[in-house]
Amino acid sequence: MATAKLHFVLVPLMAQGHVLPMVDLARLVAGHGARVTVVLTPVNAARNRTLLENVARAGLAVDVAELPFPGAALGLPKGFESLDMVTDISLAIRFYQAIDLLAEPLEAYLRSLPRRPDCLVADNCGSWTAGITRRLGVPRLVFHATSAFNLLAMHNLAKARHVCDRAADDFEPFEVPDFPVRLVVNRATSVGLRLMENQKGETVEAEATADGIFVNSCTDLEGAFLERYAEALGRKVWEIGPLCLLNTAAAGTVAGRENRTVMDVKHIVSWLDARPAASVLYINFGSIARLFPPQVEELAAGLEASRRPFIWVVKETAGFDAEFEARVRDRGLVIRGWAPQMTILSHPSVGGFLTHCGWNSTVEAVSHGLPLLTWPHFADQFLNEALVVDVLGVGVRVGVKVPATHIGLVKPGELLEVQVGRDLVERAVAEVMDEGPAGAARRARANELADKVRAVMVEGGSPDTNVKDMIRHIVELPRKEGMAFGAAEVVMSKSKEKKMDDTDGKLPVASE
Ligand code: UDP
């Protein structure tokens, strides 16, 4: 009987906030002796090439299967392959429709493999993979790049639909039912736009039929919510976070996340080296969220008035007055484009993070013991804000009330372009960077939490034991009937599959 390494195929959503943790997951799983293929499209593969090459160079059996992005069929421009390129709702809808069209090339790719993969791990937004794995008899796991806090709240609201439905509009507050803590939200800050509802139904169904669930989180961060979420689903839920800690010096850094950085990383580090410990506020709203020009102006004015050192990562081009950078030159560094976030967060001169509360950024801040100044924009970000401010006590709200998806819906015909004025920015920055007793207590809580979450990323820690348990679970699943493999024609942009040594697995082996 031929034996081979278990083969996992990972299918992220084509968005940096989903691809990066999926690559970390690939490293974690490959570190346990499996072979892992990450499915990407050309632009997403190119963006993460250095990172993936370095992972392979580190001796891990991780490779890439590159599928063409089917955007042209929906009139999307060439190269439009990532969620961060979306600038309006119509583009978002077409982007997700194009993602669904990946089903055909993905199935053809899987059928072309010499043997059936042992498991497909799909992003939570990858419900379109469920039909493929069912047809091919491949076990399927779901990977959540969000908090268990958000997952449980969404689960409970979907179960008690009347709670959402009886709200008069998207802004009327209500309490999330059956939740471990009192959590007041409205439709805008929780379930979001109604127009995405069909997609949500399929996502819930795909989760309910999965063979298990991964959450990029850990007990010390949100144990009560992880536990209740697993109970509610009644299936295997493995906490495997914080995955970002695979990118720290202590874990033996695999460089490459920085390869899209627009500014020399050494320059950024030496700029930080020249600043006192915990004095710098780092500002970055992730890969997708953008501010209106008048809001950029207010944030700039508030930062200037705060008189604190800062690094501000901007995607916006409008809203800066021409002299801003010159005026703050002695204490402000503006990075236009992609920044080496993990490098910046791990620098001792950074003392606070003004963030949109994307789950990766949240976990990265917590892992580095940084207090957060929270400025959520949409999706899970308002709930992540509630977790860090109200439950963990390591955050300060800047005061955003309305998600970016709803800023044209507050008053008909009017855009709410500024939510946080300069005075509010100045006050909030002072609060989060405060060196008095309240600030010191928040910082102490943040450091204590960081110590706890960092302690799990070791041999025998929860990600390690949970990946072992997941592998055992996959191996023990009854083998499903499926079609023969190796017969189909490959539909790939170009095969990026590298031949891997398939015979030296340390772990339970698959046999065909
Ligand atoms: N990121 C980065 N540099 C940037 C912007 C983002 O390295 O300039 C990384 C960040 O460290 C995180 C991910 O991209 O790992 C963004 O994910 P998150 O969930 O925070 O936000 P999203 O981009 O999905 O809104």
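- The name given to the protein in an unreviewed UniProt entry is Glycosyltransferase, with Panicum miliaceum as the source organism.
- Under Sequence similarities (unreviewed entry), UniProt gives the following word-for-word description of the protein: "Belongs to the UDP-glycosyltransferase family."

### Topic: the overall build of the protein
Line of reasoning, step 1. From N to C terminus, the protein includes 19 helices and 15 strands.
Line of reasoning, step 2. A buried classification covers 58% of the 512 residues belonging to the protein.
Line of reasoning, step 3. Long-range pairs, those at least 24 residues apart, make up 72% of the contacts in the protein between residues at least 6 apart in sequence.
Line of reasoning, step 4. Approximately 20,700 Å² of the protein is accessible, and the part contributed by carbon and sulfur atoms is 54%.

### Structural notes on the site of the ligand
Line of reasoning, step 1. Surrounding the ligand, one finds 17 residues, the nearest of these being Ser287, Ala339, Asn360, Ser361 and Glu364.
Line of reasoning, step 2. Asn284 has a polar side-chain atom sitting 3.1 Å from an oxygen atom of the ligand.
Line of reasoning, step 3. Note that an oxygen atom of the ligand is positioned 2.9 Å from one of the side-chain N or O atoms of His356.
Line of reasoning, step 4. For the ligand, whose free accessible area comes to 530 Å², the fraction covered by protein is 95%.
Line of reasoning, step 5. Secondary structure elements with two or more residues in the shell around the ligand: helix H1 (16-30) and helix H15 (359-367).
Line of reasoning, step 6. Top element by residues in the shell around the ligand is H15. It accounts for four residues.
Line of reasoning, step 7. Taken together, the residues of the shell around the ligand sort by class into five nonpolar, 10 polar and two charged.

### Here we look at helix H11 (residues 265-273)
Line of reasoning, step 1. Every buried residue belonging to H11 is among Ile268, Trp271 and Leu272, and all of these are buried. Along H11, the residues classed as buried sweep out an arc of 95 degrees about the axis, all on the same side. Projecting away from the buried face of H11 at angles above 90 degrees are the exposed residues Lys266 and Asp273.

### With respect to the layout of surface pockets
Line of reasoning, step 1. The computed volume of the second largest pocket comes to approximately 360 Å³.
Line of reasoning, step 2. Lining the second largest pocket are 19 residues, with Val184, Thr189, Phe382, Glu385 and Arg397 positioned closest to its centre.
Line of reasoning, step 3. Those elements giving two or more residues to the lining of the second largest pocket turn out to be strand E7 (184-185) and helix H16 (381-391).
Line of reasoning, step 4. Here the lining of the second largest pocket takes six residues from H16, the largest share from any one element.
Line of reasoning, step 5. In terms of residue class, the lining of the second largest pocket is built from 12 nonpolar, two polar and five charged.

### Remarks on the pattern of salt bridges
Line of reasoning, step 1. Under the counting rule described, the total for this entry stands at 23 salt bridges.
Line of reasoning, step 2. Each member of the salt-bridge network shares a partner with another, and the members are Glu107, Arg111 and Arg135.

### A short note on the confidence of the model for the protein
Low pLDDT marks regions whose predicted coordinates should not be analysed in detail.
Line of reasoning, step 1. Chain-level statistics for the protein give a pLDDT mean of 90 and a share of 89% at 70 or above.
Line of reasoning, step 2. Below a pLDDT of 50 lies the segment residues 494-512, which in the model reaches 50 contacts outside its immediate sequence neighbourhood of four places, other chains included.

### Observations regarding the sheet that holds strand E8 (residues 213-215)
Strands in a sheet are paired, the pairing made by backbone hydrogen bonds, and the direction either parallel or antiparallel.
Line of reasoning, step 1. Spatially, the seven strands line up as an open sheet ordered E3-E2-E1-E4-E5-E8-E9, and their pairing is parallel. A single partner strand is all that each edge strand has here, and the edge strands are strand E3 (62-66) and strand E9 (237-239). Taking the axes of each pair of neighbouring strands and ignoring which way they run, one obtains an average angle of 25 degrees across the sheet.
Line of reasoning, step 2. Strand direction decides the pairing type here: E8 and E9, joined by three bridges, are parallel. The residue bridging Ile213 from the neighbouring strand is Val237, located in E9.
Line of reasoning, step 3. The sheet contacts of helix H5 (residues 103-112) involve strand E1 (7-11), strand E2 (35-40), E3 and strand E4 (119-123), and relative to E1 the element is tilted by about 170 degrees.
Line of reasoning, step 4. Most of the contacts of helix H19 (residues 462-476) go to E9, to which it runs at about 150 degrees, and overall it touches E1, E4, strand E5 (140-144), E8 and E9.

### Regarding the packing of aromatic side chains
Line of reasoning, step 1. Per the counting criterion, the structure on display carries 12 aromatic pairs.
Line of reasoning, step 2. A ring pair is formed by Trp312 and Phe320, whose centres lie 5.2 Å apart and whose planes are at 50 degrees; its orientation type is tilted. Each member of the pair, Trp312 together with Phe320, is buried.
Line of reasoning, step 3. The ring centre of Trp271 lies 4.0 Å from the NZ or CZ of Arg275, which sits over that ring.
Line of reasoning, step 4. For the cation-ring pair, Arg336 lies above Phe320, with the distance from its terminal atom to the ring centre recorded as 4.8 Å.

### Here's the deal with the side chain of Asn54
Line of reasoning, step 1. Counting through the fold element by element, Asn54 comes out in helix H3 (residues 49-57).
Line of reasoning, step 2. For Asn54, a relative accessible area of 19% puts it in the buried group.
Line of reasoning, step 3. Side-chain polar atoms of Asn54 contact the side chain of Arg57, separated by 2.9 Å.

### Considerations on the packing of helix H12 (residues 293-306) against helix H17 (residues 422-432)
Line of reasoning, step 1. Remark: H12 packs on H17, axes separated minimally by 7 Å, with the N-to-C direction vectors making an angle of 45 degrees. With respect to H17, the element H12 is oriented oblique. Note that H12 runs across H17; the crossing there is right-handed. Facing Glu297, Glu298, Leu299, Ala301, Gly302, Leu303, Ala305 and Ser306 of H12, the residues of H17 in contact are Arg422, Val425, Glu426 and Val429.
Line of reasoning, step 2. Taken together, the residues of the contact of H12 with H17 break down into six nonpolar, two polar and four charged.

### With respect to helix H18 (residues 437-454)
Line of reasoning, step 1. Spanning 18 residues, H18 covers 25 Å between terminal C-alpha atoms, matching the ideal 26 Å at 1.5 Å per step.
Line of reasoning, step 2. Those residues of H18 that sit buried are Gly439, Arg442, Arg443, Ala446, Leu449, Ala450 and Val453. Seen along its axis, H18 keeps its buried residues to an arc of 125 degrees; they face one direction. Within H18, the exposed residues directed more than 90 degrees away from the buried face are Pro437 and Asp451.
Line of reasoning, step 3. Where H18 is buried, its residues meet helix H10 (219-233), strand E13 (350-355), H15, strand E15 (395-397) and H17.

Calculation notes
- Note that residues are indexed from 1 along each chain, following the sequence as it is written.
- Only residues with pLDDT of 70 or above have their local features reported here, since the model is predicted, and side-chain atom pairs are shown and tallied only from 80 upward, although totals for entire chains, interfaces and linings are computed over all residues.
- In computing side-chain properties, one takes all heavy atoms of the structure into account and sets aside hydrogens as well as water.
- UniProt positions are given in the numbering used here, feature names are shortened, and annotations may be inferred rather than shown by experiment.
- Only DSSP runs of H or I reaching four residues or more are called helices, and only runs of E reaching two or more are called strands; each is numbered from the N terminus.
- Buried, partly exposed and exposed residues are distinguished by accessible area as a fraction of the type maximum, computed with a 1.4 Å probe on protein chains only: under 20%, between the cut-offs, and over 50%, respectively.
- Should any heavy atoms of two residues lie within 4.5 Å, those residues are considered in contact.
- For accessible areas, the Shrake-Rupley method is used with a probe of radius 1.4 Å. Any residue's cover is judged against the shown protein chains and nothing else.
- We call a residue near a molecule or strand as soon as one heavy atom of that residue lies within 4 Å of the molecule or strand.
- For this analysis, a polar contact is any N or O atom pair within 3.5 Å, provided that within protein one partner can donate a hydrogen and the other can accept it, and provided that sequence-adjacent residues contribute only side-chain to side-chain pairs.
- Polar here means any residue other than Ala, Val, Leu, Ile, Met, Phe, Trp, Tyr, Cys and Pro, which are nonpolar, and Asp, Glu, Lys and Arg, which are charged; Gly is therefore polar.
- Working definition: the arc comes from the directions between the helix axis and the C-beta atoms, pointing outward to the latter.
- Grid points spaced at 1 Å and placed over the protein atoms alone form the basis of the search, with a cavity being a set where a 1.4 Å probe fits but cannot get out and a pocket an open set showing protein on both sides within 12 Å along at least five of seven lines. Lining residues have an atom within 4 Å of a point.
- Grid points are joined across faces, edges and corners, and a volume is the space filled by probe spheres set on the points.
- Counted as salt bridges are all cases of a side-chain nitrogen of Lys or Arg within 4 Å of a carboxyl oxygen of Asp or Glu.
- Confidence scores here are pLDDT values: one per residue, from the predictor, ranging 0 to 100.
- For two strands to count as paired, DSSP must find a minimum of two bridges between them.
- The convention used is that axes are lines fitted to C-alpha atoms, helices contributing only their stretch in contact, and that angles between N-to-C directions extend from 0 to 180 degrees.
- Pairing of aromatic side chains here covers Phe, Tyr and the six-membered ring of Trp, requires ring centres within 6.5 Å, and sorts the geometry by plane angle: under 30 degrees stacked, over 60 edge-to-face, intermediate tilted.
- Only lysine NZ and arginine CZ atoms are considered, and such an atom sits over a ring when it is within 6 Å of the ring centre and within 35 degrees of the ring normal.
- Roughly parallel means an angle under 35 degrees; roughly antiparallel means over 145; roughly perpendicular covers 65 to 115; every other angle is labelled oblique.
- Handedness of a crossing is defined here by the sense of rotation of the near helix relative to the far one, left-handed for an anticlockwise turn of less than a right angle and right-handed for a clockwise turn.
- Here a helix's expected span is defined as the number of its residues, less one, multiplied by 1.5 Å.

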